[in-house]
Amino acid sequence: MARPRPPKRPHGPARSGPRPPQGLPDRATLLAFIRESGEADRSDIARAFGLKGADRIALRDMLRDLQDSGDLGRRGRRSLALPGELPPVGVVEVIERDTDGELMVRLIKGEDTPTVRLAPDPNEATAGAPGLGDRLLVRFERTEAGETEARMIKRLGAAVHRVLGVVRKSARQVRVDPVDRRSRDQVLIEGTLPDNLRDGDLVLARLVPGGRQFGLHRGEILERVGREDDPRAASLIAIHAHGIPTGFPEAAEIEAEAAREPGLVGREDLRALPLITIDPPDARDHDDAVFAEPDADPANAGGWIVWVAIADVAAYVRPGSALDRTAREKGNSVYFPDRVEPMLPERLSAGLCSLRAGENRACIAVRMVFDASGRKTGHRFVRGLMRSAAKLSYEQAQAAIEGSPDDVTGPLLEPVLKPLYAAYDRLLAARRARSPLAIESPERRIVMDAEGRITAIRRRAVLPAHQLIEEMMIQANVSAAQTLEARRTPLIYRVHDTPSQEKVHALADFLATLGLPWSKGEAPRTDRLNRLLEETRESANAAIINEVVLRSQMQAIYDTDNIGHFGLNLDRYAHFTSPIRRYADLIVHRGLIRALGLGEDGLTDRDIAQLKGTAEMITAAERRAMAAERDAIDRYVAAFLADRVGATFTGRISGVTRFGLFIRLDETGADGLIPISRLGGEFFIHDETAHALVGERSGAHWPLGLPVEVRLVEATPVTGGLLFDMLSDPVQGAPPPPRPRGVGPSRGPRKPGAADARRRGGPPPGVRKGKRR
């Protein structure tokens, strides 16, 4: 997420302080005035500078030019503001929840303002938390971590918004249960019902103004989108719930169908190079191909030449075209277990831009030279025509290297695969010296049959073949950033900030609870974090330390300002290698075409003027895609486990919150919840420093990373929710020190009957059992 800078002055034009100089301002003075004001319309500006007659007309033209160049953006119909700037106070709408359940808000006025986190409200327990679609008056404040958050001043009411849910029909009424597991509010449907509406239908409903009825939101059904019992419903729900753009406008489809195979004019002929693609076995598009050979230059004894060729998407997706507008809006392809929502139409993504074996394809390739130690000593980019020699899976390539070649890999073993692995061996030596962050984060793979039913859930194996392709792509990405910087061509970087001081202090506090020293004043470095992970790898706390180090990291984003990539330990980094599925890479391709004079379809002045806004858009699109993909997997896993309710599983505590424990199962990697109400008959304190729930009376600890055995109580495919009971015993410990007078337990203010509900094993106050927890 972008880190916006709040203006220093109150919302609206500056009314106090020094009066701005009178007369028509220059661009710098005008932008400074608008920055200080937060936002202003043309009349405000004219009055502040005392403009009349012809000067007002000149001001209008100046403001129009600043908007066209991307230096100014609109906020509502009349007001203007700097792109990405937030006022001190503004009206926002709650638009989504992030992966931690935090509410995210965005200004009602403003097309290019960032999404920010809504800070918890201390009165939430009594007043109720805002919900998706609610409009709030907030104050934007900078946190100690350097990020901006919104603090609610006043709730202004619910906006008209959509809810995706499941129809529940009774004899007297129709309700819709939201598929968002964090939502507790059913919707009472009014008005005319669609024909053949059935119980269990997935629908989009629109909330209607006018308050609640029988305590429920009132709404109307907009459209039927499927059935909750459809094996493929999980992806459909995720697409609609997260607003993933689907399909393509007719103009974009027409442009894609009109595309033709490339010729050799203006391209270097690379068809003699035996470039190969190495991808997952079920990959439908192939962005990248690789080839390596020993460097014949005597001055570089033991060195290697590595070629990375990338699909030339810029040849087909021209700036300002319908394809370009659609790709920019989508930001990236979104991958689900049963389908892909592509950034480009299939004619391009799986056709002309996919590096198919034995077919001529347009590419932008980089030839990189590495010395015997794996250090890159030079590179050059070309716009070429290639023909892939083979399409391999990671498993195929690895099996061939390990002595089990097949009919495809056998002929490639000596001339192609062994040189690739030999070159990778040198790159790996340089990678180890660079010491990028080595956090383990295993992924789940959903295995499905032709009907969309899940047959297995497995952890993805990480092979040397995966790491070979990853490292060669990293080197190509670095080369792209270096070239564009050297040619002074603007670009969108992939940046990953250093952990904030607040996160480092939290890590140090946690490690102290395990007896591991870490100075709070020590600057975070990847080699130091890697040493911590390596020294504790065989310890009982290895999993929890890996998890906490992961949580100490900032999120990677796209930005026009380079701050480096902390996780990869690189000074400059850009995404170049996946233009079929990421708009960021397409922008970098256009930058290279412009910088190196490789054609007339490079980065335009308009592209450059929009780069900041584009970076924020594609960062938001990436977050949206990740959330949708994760939610779909959670729902598929819940469907897979639905017939195993009552079974016992081993796992670890993967999250500790004030309302309960999250458990990650060893077998499937699935995450589920044990509400605090199911942990026993006492109050629990949420010790944020130790990442643990601590019994107020007994001192029993439930720390992050603790291996446990649990029983599956409930699996709800439509929400992806899993509910467990704890079968293991907690870690014994001393009770926490008495709380200061007036401070309640971690679960919030005590309500009448709450303790009795806990002793009965029921849900905590305000939390319903079942799928709407």
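Residues numbered from 1 in each chain as written. Predicted model: local features only at pLDDT ≥ 70, side-chain atom pairs only at ≥ 80, totals over all residues. Heavy atoms only, no water.

Draft legend 1. The arrangement of helix α2 (residues 42-49) in detail. Looking at α2, one finds that the buried residues are D44, I45, A46, A48 and F49. The first or second residue beyond α2 is G50, which carries a positive phi of 65°. (Buried < 20%, exposed > 50% of the residue type's maximum accessible area, 1.4 Å probe, protein only. Helix = DSSP H or I, 4+ residues; strand = E, 2+ residues; numbered from the N terminus.)

Draft legend 2. Here's a closer look at the pattern of salt bridges. The full count for this structure, using the stated rule, is 53 salt bridges. Of the charged contacts in the structure, one is a salt bridge between R232 and D338, with a shortest N-O distance of 3.9 Å. Of the two residues, R232 sits in the loop between β12 (217-227) and α5 (233-241) while D338 sits in the loop between β17 (334-335) and β18 (340-341), which places them 106 residues apart along the sequence. On the basis of relative accessible area, R232 is assigned to the partly exposed category, the value being 27%. Taking the relative accessible area as the measure of exposure, D338 reaches 17% and is therefore buried. When the shortest N-O distance is used, the salt bridge between E443 and R460 registers 3.6 Å. On the criterion of sequence distance, the pair formed by E443 in the loop between α10 (413-434) and β22 (444-448) and R460 in the loop between β23 (454-459) and α11 (464-486) is long-range, its members being 17 residues apart. Judged by relative accessible area, R460 falls into the partly exposed class, the value being 42%. One salt-bridge network, held together by shared partners, links R267, D312, R318, R383 and D601. (Salt bridge = Lys/Arg side-chain N within 4 Å of Asp/Glu carboxyl O.)

Draft legend 3. Seen up close, unusual backbone geometry. Backbone geometry places R488, a non-glycine residue, at a positive phi of 55°. When you line up the elements, R488 lands in the loop between α11 and β24 (493-495). In this structure, N569 takes a positive phi of about 55° despite not being glycine. Summarising the element assignment, N569 is placed in the loop between β25 (557-559) and α15 (583-596).

Draft legend 4. Seen up close, the side chain of D288. For D288, the position within the fold is in strand β15 (residues 288-294). Buried charge without a partner: D288 forms no salt bridge, and the closest opposite charge is R581, 6.6 Å away. The residues touching D288, leaving out its near neighbours within four places in the chain, are I276, T277, A309, I310, L355, I469, M473 and T577. (Lys, Arg positive; Asp, Glu negative; His and termini not counted. Contact = heavy atoms within 4.5 Å.)

Draft legend 5. Structural detail: the nonpolar core. In terms of nonpolar packing, the biggest core is built from 91 residues, with I276, W307, V308, L348, M472 and F576 touching the most fellow members. In contact with V308, not counting residues within four places along its chain, are A289, V290, I364, A365, V366, M368, M472, M473 and A476. Ranked by size, the runner-up nonpolar core spans 47 residues in total, among them M448, L532, A638 and A670. (Core = buried A, V, L, I, M, F, W, Y, C linked by side-chain atoms within 4.5 Å.)

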